[in-house]
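Residues per chain are reported as follows:
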Amino acid sequence: MTTELLFRTDAYLKTASARVVAVGERGIELDRTIFYPMGGGQAGDTGVLSRESGERIAVVDTRKGEAIDSVLHVAAATTPRPEPGETLTLEIDWQRRYALMRLHTALHVLSCVVVAPVTGGNIAPDKARLDFDIDMRLLDAGKIERETNALIARGVETETVWITDEELDARPELVKTMSVQPPRGAGRVRLLRIPGIDLQPCGGTHVRNIAEIGAIRVLRIRSEGKRNRRVEIALAN
Ligand SMILES: [Zn+2]
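Rules used in this analysis
- Residues numbered from 1 in each chain as written.
- Predicted model: local features only at pLDDT ≥ 70, side-chain atom pairs only at ≥ 80, totals over all residues.
- Heavy atoms only, no water.
- Pairing = 2+ DSSP bridges.
- Helix = DSSP H or I, 4+ residues; strand = E, 2+ residues; numbered from the N terminus.
- Axes fitted to C-alpha atoms, helices over the stretch in contact; angles between N-to-C directions.
- Contact = heavy atoms within 4.5 Å.
- Expected span 1.5 Å × (residues − 1).
- Buried < 20%, exposed > 50% of the residue type's maximum accessible area, 1.4 Å probe, protein only.
- Arc of directions from axis to C-beta.
- Polar contact = N/O pair within 3.5 Å; in protein donor to acceptor, adjacent residues only side chain to side chain.
- Donors = N, O, S within 2.8 Å, 3.2 Å for Na, K, Ca; no water.
- Tetrahedral: all angles 85-135°; square planar, octahedral: opposite > 155°, others 65-115°.
- Salt bridge = Lys/Arg side-chain N within 4 Å of Asp/Glu carboxyl O.
- Phe/Tyr/Trp six-rings, centres within 6.5 Å; stacked < 30°, edge-to-face > 60°.
- Lys NZ or Arg CZ within 6 Å of the ring centre and 35° of its normal.

Asker: How would you explain the sheet that holds strand β9 (residues 118–123) if you had to name every residue and give the values?
Answerer: The strand order across the open sheet built from four strands is β9-β10-β15-β14, with neighbouring strands paired in antiparallel fashion. Taken across any chain shown, the strands that pair with only one partner, and hence form the sheet edges, are β9 and β14 (216–223). In this sheet, neighbouring strand axes are inclined to one another by 15 degrees on average, regardless of whether the strands run parallel or antiparallel. Along the sheet face, helix α2 (residues 94–113) touches β9, β10 (128–132), β14 and β15 (229–235) and points at about 135 degrees away from the line of β15. Sitting on the sheet, helix α3 (residues 141–152) is in contact with β14 and β15, with an inclination near 140 degrees to β14.

Asker: Describe in detail α3, supporting the description with residues and values.
Answerer: Here α3 is 12 residues long and its end C-alpha atoms lie 16 Å apart, about the 16 Å a rise of 1.5 Å per residue gives. For α3, the set of buried residues is Ile144, Thr148, Leu151 and Ile152. Buried residues along α3 cover an arc of 100 degrees about the axis, so they all sit on one side. On its buried face, α3 sits against α2, β14 and β15. Here α3 starts with a cap whose side-chain oxygen sits 2.9 Å from the backbone nitrogen of Gly142, and that cap is Asp140.

Asker: Hey, could you go over the coordination of the zinc ion for me, with residue numbers and the actual values?
Answerer: At this site the zinc ion is bound by His104 (NE2), His108 (NE2), Cys202 (SG) and His206 (NE2), with donor distances of 2.0 to 2.1 Å. Of note is the zinc ion, whose four donor atoms meet at the metal with angles of 101 to 124 degrees in an arrangement that counts as tetrahedral. Sequence spacing among the residues donating to the zinc ion works out to H-x3-H-x93-C-x3-H. Taking relative accessible area as the criterion, His206 reaches 8% and is therefore assigned buried.

Asker: Which residues make up the pattern of salt bridges, and what values do they have?
Answerer: Tallied over the full model, the rule gives 17 salt bridges. One salt bridge in this structure joins Asp131 and Arg129, with 3.2 Å as the shortest N-O distance. Assigned by exposure class, Asp131 and Arg129 land together as buried. Members of the salt-bridge network, linked through shared partners, are Arg129, Asp131, Arg222, Glu224 and Arg230.

Asker: Break down the sheet that holds strand β13 (residues 198–201) for me, citing the residues and quoting the values.
Answerer: Working definition: the strands of a sheet are paired by backbone hydrogen bonds and lie parallel or antiparallel to each other. The strand order across the open sheet formed by three strands is β11-β12-β13, and the pairing between neighbours is antiparallel. Every interior strand has two partners, whereas the edge strands, β11 (159–164) and β13, have only one. With strand direction ignored, the average angle separating the axes of adjacent strands in the sheet is 25 degrees. Contacts between α2 and the sheet are confined to β12 (188–194) and β13, with β13 contributing the most and set at about 115 degrees to the helix.

Asker: Describe unusual backbone geometry, with residues and values.
Answerer: In this model, Asp69 sits at a positive phi of 60 degrees, which is unusual for a non-glycine residue. Looking at where Asp69 falls in the secondary structure, it is placed in the loop between β6 (56–64) and β7 (71–75).

Asker: Provide a residue-level description of the packing of aromatic side chains, including the pertinent values.
Answerer: Taken as a whole and assessed by the stated rule, the structure comprises four aromatic pairs. Between the aromatic rings of Phe7 and Tyr36, the centroid separation amounts to 5.3 Å while the plane-to-plane angle is 75 degrees, which identifies the pairing as edge-to-face. Linking Phe7 in helix α1 (residues 6–9) with Tyr36 in the loop between β4 (32–33) and β5 (47–50), this pair joins segments that are 29 residues apart in sequence. Considered together, Phe7 and Tyr36 belong to a single accessibility category, that of buried residues. On the basis of an interplanar angle of 45 degrees and a centroid distance of 5.8 Å, the ring pair of Tyr12 and Trp94 is categorised as tilted. One end of the pair, Tyr12, is in the loop between α1 and β2 (15–23); the other, Trp94, is in helix α2, and 82 residues separate them in sequence. Neither Tyr12 nor Trp94 differs from the other in exposure class; each is buried. Directly above the ring of Trp94 sits Lys14, whose terminal nitrogen or CZ lies 4.5 Å from the centroid. Above the face of the Tyr12 ring, Arg208 is positioned so that its terminal group lies 3.8 Å from the ring centre.

Asker: Describe the environment of Ser223, with residues and values.
Answerer: Inspection of the secondary structure puts Ser223 in strand β14. Of the residues examined, Ser223 reaches a relative accessible area of 38% and is grouped as partly exposed. Taking the C-alpha atoms as reference, Ser223 lies 38 Å from Ala77; in sequence the two are 146 residues apart. Every residue in contact with Ser223, bar those within four places of it in the chain, is listed here: Met136, Asn228 and Arg229. One polar contact links the side chain of Ser223 to the main-chain amide nitrogen of Gly225, over a distance of 3.4 Å. Side chain to side chain, Ser223 and Arg229 meet in a polar contact 2.5 Å long.

Here is the structure:
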């Protein structure tokens with residue numbers, strides 16, 4: 001079952017209503033959702049599904065289902081389960097998601113400060129990291145922090161761009177992340193453009209203007225193996 005992904009066109013939706021399509025072992029499926037499922041290194045959303053009776057179903061995680069664009073809302077073990085056909089009011093934990101959006105967008109900027117192939121990445125609500133295939137001696141925390149914050153201070157608007165699979169194949173330089181290839185098969189690929197800074201395939205949630213990131217701090221840089229030099233960051237405020 002395909003779920004309409006409302007966060008893809010508007011990452012700022014905090015509430016919505018949706019109909020229950022299926023309730024399974026792994027989670028609740030809805031006809032549409034504002035909950036981002038874990039993917040591309042970004043943590044899945046948490047929040048609440050409210051029934052018409054006012055009863056609240058706590059969502060502790062969101063995962064991708066089997067089919068393309070299917071989303072599983074993982075309910076807390078102790079909360080009630082809704083019935084298929086029921087209409088629910090969706091509400092995400094916005095404070096947590098907004099931190100994820102700011103950190104996620106910050107990683108796009110960071111990937112343009114450290115110019116090396118990206119071998120991994122992760123975004124949690126309190127910190128985020130990218131792993132690079134690079135010589136440790138080229139990584140200076142103070143310099144990375146200064147240069148990333150200088151780019152963030154440009155305060156440019158982000159843009160979503162869609163291209164075809166063929167257009168992406170013709171521009172392999174767009175794919176910086178060696179470990180995660182953009183999803184193929186749907187015929188088109190979503191890109192995030194930060195004008196003058198970055199352009200790469202990404203299905204995640206981003207802030208509208210990079211000024212919303214504020215500034216970042218480099219928490220630490222360490223080696224996680226020959227091809228994984230890990231740069232970990234947090235929001236400064
Ligand atoms: Zn992204």
